[in-house]
Amino acid sequence: MQVFKTIQEVRSWARRRQNASKSIGFVPTMGALHEGHLSLVRCAKQNNDGCIASIFVNPTQFNNAEDLKNYPRTLENDLRKLESAGCDAVFAPDAEQMYSRKPRLQINFGALEEVMEGAFRPGHFNGVALVVSKLFHIVSPARAYFGEKDFQQLAVIRCMTKDLSFDTEIVGVPTVREEDGLAMSSRNLRLTPAERGIAPAVYQSLQACRDHFLKFGQAKEAVAHARALLKRHPEITFEYLELVDAETLQPVAEPDDAAHVQACIAVHLGQVRLIDNISVK
Ligand code: AMP
């Protein structure tokens, strides 16, 4: 597996592949890799002639300096995992390589980013869109793989790719969970053992919200029901739980309001912010 630190190295690797008509599957990550990331790599590997992952803790998408400072960084381990998953190459640049100057471009997704993550993390999707579009220009992938775990991010990236005519197919990959239902996340590493014991309540509350909504048909009541369950754990600070149209991400009131409905949640547990979502309909 080749490990690149510079944009130039990746560009010449990608050009050689393209000249040989070999398609590139791309998996952008921030490292601290787990089975969720590796399932993306396996999909990329299966459906392309070659697979490249990137590992870059992107400062422009953090709206909280502490979160950026505390984000787990485990490069050596990550490289071992990627190699055993069959990844062909890794791009692991430093911040200077990606941002030789402070970017001036601002990307705004309108209504798509006025809800949920966008509302609670101002500027987050501007940073995500900047780094992903830079990476797409560097890697020129035929396909890029994103987890449904970050549901709004996937919607934003699909929107960006369409609106800017990127020649890259965006592939969404189902969320990989621990046996007790907790969605795998790099941030789970920062949960204390006691918090880790409580964390599956987040997924359980999504399931309770879904079941209540499908049975009684009222979003407000379903959310209140799920919130009441979460209140049993004083360690959990609630941020949002929403039932949204899976395409537009706008809130729905009743099951017939959208063809596909997604339940999305964000909470704080100790020092860690956790997000998750499930399909409702
Ligand atoms: P991150 O390193 O957190 O930026 O995540 C990199 C990619 O992995 C993103 O597309 C995430 O949505 C995806 N991802 C993170 N956790 C999971 C998971 N549990 N299952 C599937 N994909 C995931």
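Within every chain, residues take consecutive numbers counted from 1 along the sequence as written. Totals for whole chains, interfaces and linings use every residue, but because this is a predicted model, local features are given only for residues with pLDDT of at least 70 and side-chain atom pairs only at 80 or more, for both listing and counting. Hydrogen atoms and water are omitted, and side-chain values are computed over all heavy atoms in the structure.

> Can you tell me about the pairing of strand 8 (residues 261-269), naming the residues and giving the values?
Think of it in three bands: residues with accessible area under 20% of the maximum for their type are buried, residues over 50% are exposed, and the middle band is partly exposed, with areas taken using a 1.4 Å probe on protein chains only. Elements are defined by DSSP. Helices are runs of H or I of four residues or more, strands are runs of E of two residues or more, and each kind is numbered from the N terminus. Across the nine residues that make up strand 8, a large majority, eight, are buried. Relative to strand 8, strand 7 (residues 236-245) runs antiparallel, the two sharing nine bridges. Considered in strand 8, the bridge of Thr 237 is made with His 268. Pairing between strands requires that DSSP locate at least two bridges from one strand to the other. Here strand 8 pairs with strand 9 (residues 272-279) via eight bridges, running antiparallel. Residue pairing across strands places His 268 opposite Arg 273, the latter belonging to strand 9. Between strand 8 and strand 9, which pair antiparallel one after the other, the connecting turn spans two residues, and Gly 270 there sits at a positive phi close to 60°.

> So, the packing of aromatic side chains: which residues are in play, and what are the values?
Think of it this way: a Phe, Tyr or Trp ring, Trp meaning its six-membered ring, pairs with another when their centres are within 6.5 Å, and the plane angle makes it stacked under 30 degrees, edge-to-face over 60, tilted otherwise. Per the counting criterion, the structure on display carries seven aromatic pairs. Here Phe 4 and Trp 13 contribute two aromatic rings whose centre-to-centre distance is 6.3 Å and whose plane-to-plane angle is 55°, an arrangement assigned as tilted. Exposure class is identical for Phe 4 and Trp 13. Each is buried. In this structure an aromatic cluster arises from ring pairing among Phe 26, Phe 136, Phe 146 and Phe 166. Lysine and arginine charges are scored as sitting over a ring when NZ or CZ, respectively, is within 6 Å of the ring centre and within 35 degrees of the ring normal. The ring centre of Phe 238 lies 3.8 Å from the NZ or CZ of Arg 227, which sits over that ring.

These figures capture arrangement, not role.
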